[in-house]
Each structure stands twice: as structure tokens, then as C-alpha cells.
Amino acid sequence: MNWTLEVVPVPVTDLDRAKEFYADKAGFTVDLDDEVAPGVRVVQITPPGSRCSLAMLQGMPAAPGTKAMAPGSLQGLQICVTDIEAARAELVARGVDVSPVRHVGATGWAEGKGGTWNSFMSFEDPDGNGWVVQEAPSELAER
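Residues numbered from 1 in each chain as written. Predicted model: local features only at pLDDT ≥ 70, side-chain atom pairs only at ≥ 80, totals over all residues. Heavy atoms only, no water.

### Focus on the sheet that holds strand S2 (residues 29–37)
Inference 1: Strand order in the open sheet made by the four strands is S1-S4-S3-S2, with mixed pairing throughout. This sheet does not close on itself; its edge strands, each paired only once, are strand S1 (7–9) and S2. The average angle at which neighbouring strand axes cross in this sheet is 25°, direction not considered.
Inference 2: Two strands pair when backbone bridges link them, and S2 and strand S3 (residues 40–46) are joined in this way by seven bridges, in the antiparallel orientation. From the neighbouring strand, Glu35 faces S3, where its bridge partner is Arg41.
Inference 3: Contacting S2, S3 and strand S4 (53–58), helix H1 (residues 15–25) crosses the sheet at an angle of about 165° to S4. (Pairing = 2+ DSSP bridges. Helix = DSSP H or I, 4+ residues; strand = E, 2+ residues; numbered from the N terminus. Axes fitted to C-alpha atoms, helices over the stretch in contact; angles between N-to-C directions. Contact = heavy atoms within 4.5 Å.)

Given below as C-alpha cells:
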């Protein structure tokens, strides 16, 4: 049996502001924006080429056995791209404040690309949820 990660909740304070950031600035696809029950709104978005979506919720009670996350508390969720410099240029052109490309070197983090699997950049959404983008050597289907 496969266990596929398909939806990750992202805690935000303002669904419209978050939707605008992820769709217009990050370039993600809006899959759903719907009131699924009275007072419960779901905005689901997907990064280009990903099989895993992000869900931003308003009015949804925490699932039994889980804890609510505060807006801005999601940190380190990682997205992979095959050309980190092109991805960075696209985000910058869309108005996203993105870190320089960095890699892990002999003395810690250093600016510039590293070797295979060792090039990263980061950005935050308007609530402070932090994202890491890593350069992969090939598309997921080819690995």
C-alpha cells in the first residue's frame, strides 16, 4: 500500500491575502476556493508540477487528535525545482522577497550554488510561514 502525501495545511490569518500571495506571487494553481460547510472556507493550492497541495482553512475545527497551528508556525516545508536560479528569478519578478541561493559548505551556509542536492533558497508568505526551495538534479518522475 502506498502512503502518499497529498495535502499539507498552511496556517494563515487572512485567506484572501494568502491566496493572492500563493497564486499571484508564488505562481501556484488555485484548485479550490469554497465554503464547504456553513462558516468553513477552504482554499486549496498546488505548486506547479506537484502532486501535493496546500490547504488554507477558515472556520475548520482541528481534526480529532491534532493540534491547531498558529499562523506563521509552519517552517521548513521544502519544494524542489530543477533550476534554482530560474526559479529564484521567477519569484523575484513576481515580487517575492527571496533569499540568495546558498549551499552548505565546510564552515556552514555559503552563498552560491553547491553540488548535487546542495543548492537552496528560502522565502516566507505574508504570515511568516517559511519555505525552502532545493535544486534537484532531475524531475521527480526521472528519479
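### Looking at the layout of surface pockets
Inference 1: The space that makes up the largest pocket amounts to roughly 1,100 Å³.
Inference 2: A total of five residues in the lining of the largest pocket trace back to one element, the largest contributor, which is strand S5 (residues 75–81).
Inference 3: For the lining of the largest pocket, the class distribution of residues is 21 nonpolar, six polar and six charged.
Inference 4: Lining the second largest pocket are 14 residues; nearest its centre among them are Pro9, Leu57, Met60, Ala68 and Met69.
Inference 5: Among the residues forming the lining of the second largest pocket, the class breakdown is 12 nonpolar, one polar and one charged. (1 Å grid on protein atoms, 1.4 Å probe; cavity = no way out; pocket = protein on both sides within 12 Å on 5 of 7 lines; lining within 4 Å. Points joined across faces, edges and corners; volume = space filled by probe spheres on them. Nonpolar A, V, L, I, M, F, W, Y, C, P; charged D, E, K, R; others polar.)

### Observations regarding the pattern of salt bridges
Inference 1: Within this structure, the stated rule accounts for six salt bridges.
Inference 2: Here Arg17 ties to Asp127 by a salt bridge, and the two come within 3.0 Å at their closest N and O atoms. Here Arg17, found in helix H1, pairs with Asp127, found in the loop between strand S8 (120–124) and strand S9 (130–135); they are 110 residues apart in sequence, far enough to count as distant.
Inference 3: Here Arg17 falls in the partly exposed class, since its relative accessible area comes to 35%. (Salt bridge = Lys/Arg side-chain N within 4 Å of Asp/Glu carboxyl O. Buried < 20%, exposed > 50% of the residue type's maximum accessible area, 1.4 Å probe, protein only.)

### Comments concerning the pairing of S9
Inference 1: Buried residues dominate S9, accounting for five of its six residues.
Inference 2: The pairing of S5 with S9 spans six bridges and is classified as parallel. Directly across from Ile79, in S9, lies its bridge partner Val133.
Inference 3: Of the strand pairs in this sheet, S8 and S9 are connected by five bridges, and their pairing is antiparallel. Paired with Glu124 across the bridge in S9 is Gly130.

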